[in-house]
Amino acid sequence: MTWFNRQSRLVQILLLLIPVVNWITEIIVRWSTYLKKGGLIRLIVCIIVTIFGIVFGWIDLVWVLLFKKLLLQ
């Protein structure tokens, strides 16, 4: 998560805009955050992202554009 937040806004948007790349980015960021911090909500989000990652990545793209952070982080 800290790696993703340290990237420029343009790089974050590009990572979330490209379909397969956004899924991989979502999986890495979400699971690493869950492994570090734990929590039931994070686990549920990780499972959802693993299954529906591309769609969730585009939702996160809009969220990053509006609020400069990932949804539910």
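This one's a predicted model, so the numbers in the text were calculated from it and none came from an experiment.

Definitions and cut-offs
- Residues numbered from 1 in each chain as written.
- Predicted model: local features only at pLDDT ≥ 70, side-chain atom pairs only at ≥ 80, totals over all residues.
- Heavy atoms only, no water.
- Helix = DSSP H or I, 4+ residues; strand = E, 2+ residues; numbered from the N terminus.
- Rg over C-alpha atoms; globule rule 2.2 N^0.38 Å.
- Buried < 20%, exposed > 50% of the residue type's maximum accessible area, 1.4 Å probe, protein only.
- Contact = heavy atoms within 4.5 Å.
- Areas by Shrake-Rupley, 256 points an atom, 1.4 Å probe, with all protein chains shown as cover.
- Arc of directions from axis to C-beta.

Caption draft 1: Inspection of the overall build of the chain at higher detail. Looking only at helices and strands, the chain features four helices and zero strands. Mapped in sequence order, the helices and strands of the chain form the string α-α-α-α. Since a compact globule built from 73 residues should have a radius of gyration of about 11 Å, the 11 Å found for the chain is in line with a globular shape. In terms of overall dimensions, the chain has C-alpha extents of about 30 × 25 × 20 Å along its principal axes. Counting over 73 residues, the chain shows a buried share of 32%. At a minimum sequence separation of 6, the contacts of the chain that also span at least 24 residues come to 56%. When the accessible surface of the chain is summed, it comes to about 4700 Å², and 79% of that surface belongs to carbon and sulfur atoms.

Caption draft 2: Just helix 2 (residues 9-17), in detail. Where helix 2 is concerned, the buried positions are Gln12, Ile13, Leu15 and Leu16. Take helix 2 and look down its axis: the buried residues cluster within an arc of 160 degrees, on one side only. Contact partners of the buried residues in helix 2: helix 1 (2-6), helix 3 (19-37) and helix 4 (40-67).

Caption draft 3: Representation of the side chain of Thr25 within the structure. Within the secondary structure, Thr25 sits in helix 3. Thr25 gets classed as buried once you look at its relative accessible area, which sits at 10%. Filtering out sequence-adjacent residues up to four positions away, Thr25 remains in contact with Phe4 and Leu15.

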